[in-house]
Number of protein chains: 2
Amino acid sequence: MGTVEDGTSKSPGYCGDTDGDYDVLQWDTREDCEVRQILDRIADKWSLLVIALLDRRSLRFTELRRMIDGISQRMLTRTLRHLERDGLVSRTVHPTVPPRVDYELTPLGATLHTTIRALVTWTEDHQGQIAAARAAFDRRAAAEQEAAVREAAERDAIARDVLPVRR
Amino acid sequence: MGTVEDGTSKSPGYCGDTDGDYDVLQWDTREDCEVRQILDRIADKWSLLVIALLDRRSLRFTELRRMIDGISQRMLTRTLRHLERDGLVSRTVHPTVPPRVDYELTPLGATLHTTIRALVTWTEDHQGQIAAARAAFDRRAAAEQEAAVREAAERDAIARDVLPVRR
DNA sequence: CGGAATCCGCCACGATACTG
DNA sequence: CAGTATCGTGGCGGATTCCG
């Protein structure tokens, strides 16, 4: 099994709970801050997917594996373990043969599901605007670069014209 | 400048927009899916912080740098460029000397800010429950492992007792 | 001050093989 | 079927340097 592979057990360190309006300024300075760790965990590549998929009905390991498709068994296992450890997903092993394991959201996980769906929905709703913004940005960048190149070439031409032949 | 460093310019590929209730099953299969890319982008380590910090008032580069503290100038620059490209943050250069650059949320970025705050708030509100869940999980795991070790030791003792002395 | 460019360590992730 | 174990690698992210 080796090491625990996670440093969360170092210290409690609540890192200052909401005293003013926005304590955002603080949940980054200390890397042992719980909020940062949790945020990094649930906002990671696969956790979002798993939580989003685990709505209402429970799913088997292989079902999740097929649904996510890009994921490796290793990553799915790790992700599910983390979510289980955080109390967001429950793991039920049916002692049959072949074995069958079901995963489902805990009540806590269900509350997070709502928020995550909101994030996903926002992304779906605004992907058009973002795509447009990217296109515009890239166009501007390309134009700028081309202008810079032309300008340099022009300077070069003038220099060649004015300066005496080196040697 | 080198390559664009991002493969998003490959193809439009909307990957099927909400036809049924949940099209979650689809925004993962094709890795050229826009939603996945956008999600990975805004959910990354620093973007969440920057967007959360950029509420109402605009901030200078160095202000952000000091606030986030753990971040390197390289990462802050990259993050801000990405957000600018996605149309979430606007970049204003004041032609003074020394130069001064202000960043602020665009209207689009402001809408995302709301959702992100919701996520952060959820995390702040439930960090206690999560910490408790982790502690319980770790305790169970430790107990299981200890049980396994004891069991193995017991089997070993029996084996030593029953089996004839080898050689 | 606000970047761009370069170098590089390291570990997160994927592919593969093996177990119960 | 549902994992664990092991190894190899890409690329993320930090440190440093130079520029306008």
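Under an unreviewed UniProt entry, chain A has the name HTH hxlR-type domain-containing protein and belongs to Actinoallomurus liliacearum.

Once that is clear, we can look at the overall build of chain A. Scanning chain A from N- to C-terminus turns up five helices and three strands. Mapped in sequence order, the helices and strands of chain A form the string α-α-β-α-α-β-β-α. Counting every position in chain A, which comprises 167 residues, the buried fraction comes to 38%. Within chain A, contacts between residues at least 6 apart in sequence are counted, and of these 39% link residues at least 24 apart. By element, 52% of the accessible surface of chain A is carried by carbon and sulfur atoms, the whole surface being about 10200 Å².

In this section: the relation of the copies chain B and chain A. Each copy of the sequence occupies a distinct position, and chain B is placed on chain A by a rotation of 180 degrees and an axial shift of 0.1 Å, giving an RMSD of 0.1 Å. In the structure described here, the two chain copies are related by an operation that fits a two-fold rotation axis. Minimal C-alpha distance to the rotation axis in chain B is attained by Ala 43 of chain B, lying at 2.7 Å. Take the interface residues of chain B: 100% of them recur as interface residues in chain A, which is what a same-surface contact looks like.

Another point: the nonpolar core. Ranked by size, the top nonpolar core spans 65 residues in total, and within it Ile 42, Leu 54, Leu 64 and Leu 112 of chain A together with Leu 54, Leu 64 and Leu 112 of chain B carry the most contacts. Contact partners of Leu 54 of chain A, with chain neighbours within four places excluded, come to Leu 59, Leu 64, Val 89, Tyr 103, Glu 104, Leu 105 and His 113 of chain A.

Close contacts around DNA strand C come from 18 residues, with Gln 73 and Met 75 of chain A together with Thr 62, Arg 91 and Tyr 103 of chain B the closest. The sugar and phosphate moieties of DNA strand C supply 71% of its atoms located within 4 Å of the protein. Arg 91 of chain B is positioned with one of its side-chain polar atoms (N or O) 2.5 Å from a phosphate oxygen of DNA strand C. Contributions of two or more residues to the surface near DNA strand C are made by α4 (73-85) of chain A together with α3 (61-68), α4 (73-85) and β3 (100-105) of chain B. Class assignment for the residues of the surface near DNA strand C results in nine nonpolar, four polar and five charged.

Bringing the pattern of salt bridges into the picture now. Taken as a whole, this structure holds seven salt bridges over all chains when the rule is applied. Arg 134 of chain B serves as the salt-bridge partner of Asp 86 of chain A, at 2.6 Å between the closest nitrogen and oxygen. Highlighted residues: Asp 86 of chain A in the loop between α4 and β2 (89-94) and Arg 134 of chain B in helix α5 (residues 107-162), drawn from two different chains. Across the pair, exposure class does not vary: Asp 86 of chain A and Arg 134 of chain B are buried alike. Among the ionic pairs, Asp 102 of chain B bridges to Arg 100 of chain B, the shortest N-O distance being 3.4 Å. When its relative accessible area of 10% is taken as the criterion, Asp 102 of chain B is described as buried. Judged by its relative accessible area of 33%, Arg 100 of chain B falls in the partly exposed class.

The next subject is the protein's contact with DNA strand D. Around DNA strand D, the surrounding shell holds 20 residues, and the nearest of these are Thr 62, Arg 91 and Tyr 103 of chain A together with Gln 73 and Met 75 of chain B. The sugar-phosphate share of atoms of DNA strand D within 4 Å of the protein amounts to 70%. With respect to DNA strand D, the side chain of Arg 60 of chain A contributes an N or O atom lying 3.1 Å from a sugar or linking oxygen. Here Pro 99 of chain A contributes a backbone N or O atom positioned 3.4 Å from a sugar or linking oxygen of DNA strand D. For the surface near DNA strand D, the secondary-structure elements that each account for two or more residues are α3 (61-68), α4 and β3 (100-105) of chain A together with α4 of chain B.

With 69% of its residues at a pLDDT of at least 70, chain A reaches an overall mean of 78. Predicted confidence is poor over residues 1-23 of chain A, with pLDDT under 50, and the contacts of this stretch with residues over four places away or in other chains come to 23 contacts.

Facing the 58 residues of chain B at the interface are 58 residues of chain A. Here chain B and chain A share an interface that buries about 5700 Å² over both sides, 65% of which is from carbon and sulfur atoms. Considering only the surface of chain B that becomes buried against chain A, Arg 85, Trp 122 and Arg 134 of chain B emerge as the three largest contributors, covering 13% of it. The interface formed by chain B and chain A holds four salt bridges in total. In this structure, Arg 85 of chain B and Asp 138 of chain A form a salt bridge, with 2.6 Å as the shortest nitrogen-oxygen distance.

Moving on to the packing of helix α2 (residues 45-53) of chain A against helix α1 (residues 34-42) of chain B. Where α2 of chain A meets α1 of chain B, the axes come as close as 9 Å, and the angle between the chain directions of the two elements is 120 degrees. In terms of their interaxial angle, α2 of chain A and α1 of chain B are classed as oblique. Here α2 of chain A runs over α1 of chain B; the crossing is right-handed. Seen from α2 of chain A, the contacting residues are Lys 45, Trp 46, Leu 48 and Leu 49 of chain A; seen from α1 of chain B, they are Arg 36, Leu 39 and Asp 40 of chain B. Across the contact of α2 of chain A with α1 of chain B, the residue classes break down as four nonpolar, no polar and three charged.

Residue and element names in this part refer to chain B. Relative to the helices and strands, Arg 65 resides in helix α3. Sequence separation between Arg 65 and Ala 141 is 76 residues, and the spatial gap between their C-alpha atoms is 40 Å. Once residues within four sequence positions are removed from consideration, Arg 65 is found in contact with Ile 71, Ser 72, Gln 73 and Leu 76.

Conventions used here
Here the residue index of a chain counts from 1 through its sequence in written order. The order in which chains are written sets their letters, starting at A; the order in which ligands are written sets their numbers, starting at 1. With pLDDT at 70 or above as the cut-off, local features in this predicted model cover only qualifying residues; side-chain atom pairs require 80 or more to be listed or tallied, and sums for whole chains, interfaces and linings still use all residues. Note that water and hydrogens are dropped before the side-chain values are worked out from all heavy atoms of the structure. In this text, helices come from DSSP runs of H or I with a minimum length of four residues, and strands from runs of E with a minimum of two, each type numbered from the N-terminal end. Only protein chains enter the area calculation, which uses a 1.4 Å probe; residues under 20% of their type maximum are buried, those over 50% are exposed, and those in between are partly exposed. Any two residues whose heavy atoms approach within 4.5 Å at even a single point are treated as in contact. Exposure was quantified through the Shrake-Rupley algorithm and a 1.4 Å probe, taking into account, for residues, occlusion by the shown protein chains and nothing else. Copies overlap after least-squares fitting; the atoms used are the C-alpha atoms of residues with pLDDT of at least 70 in both. We define a nonpolar core as any set of buried Ala, Val, Leu, Ile, Met, Phe, Trp, Tyr and Cys residues linked to one another through side-chain atoms lying within 4.5 Å. One heavy atom within 4 Å of a molecule or strand is enough for the residue carrying it to be called near that molecule or strand. Distance and chemistry together define a polar contact, namely a pair of N or O atoms within 3.5 Å, with one atom able to donate a hydrogen and the other to accept it when in protein, and with adjacent residues in sequence counting only for side-chain atoms on both sides. All amino acids are sorted into three groups, where Ala, Val, Leu, Ile, Met, Phe, Trp, Tyr, Cys and Pro are nonpolar, Asp, Glu, Lys and Arg are charged, and the leftover types, Gly among them, are polar. Definition used for salt bridges: Asp or Glu carboxyl oxygen within 4 Å of a side-chain nitrogen of Lys or Arg. Across the chain, each position has a pLDDT score giving the predictor's confidence in that residue, from 0 to 100. By buried area we mean how much accessible surface two parts lose on assembly, using a 1.4 Å probe and totalling the loss over both. With axes taken as lines fitted to C-alpha atoms, and helix axes fitted only over the stretch in contact, angles between N-to-C directions fall between 0 and 180 degrees. Any angle from 65 to 115 degrees is called roughly perpendicular, while one under 35 is roughly parallel, one over 145 is roughly antiparallel, and all others are oblique. In this scheme the crossing of two helices becomes right-handed for a clockwise turn of the near helix relative to the far one and left-handed for an anticlockwise turn of less than a right angle.

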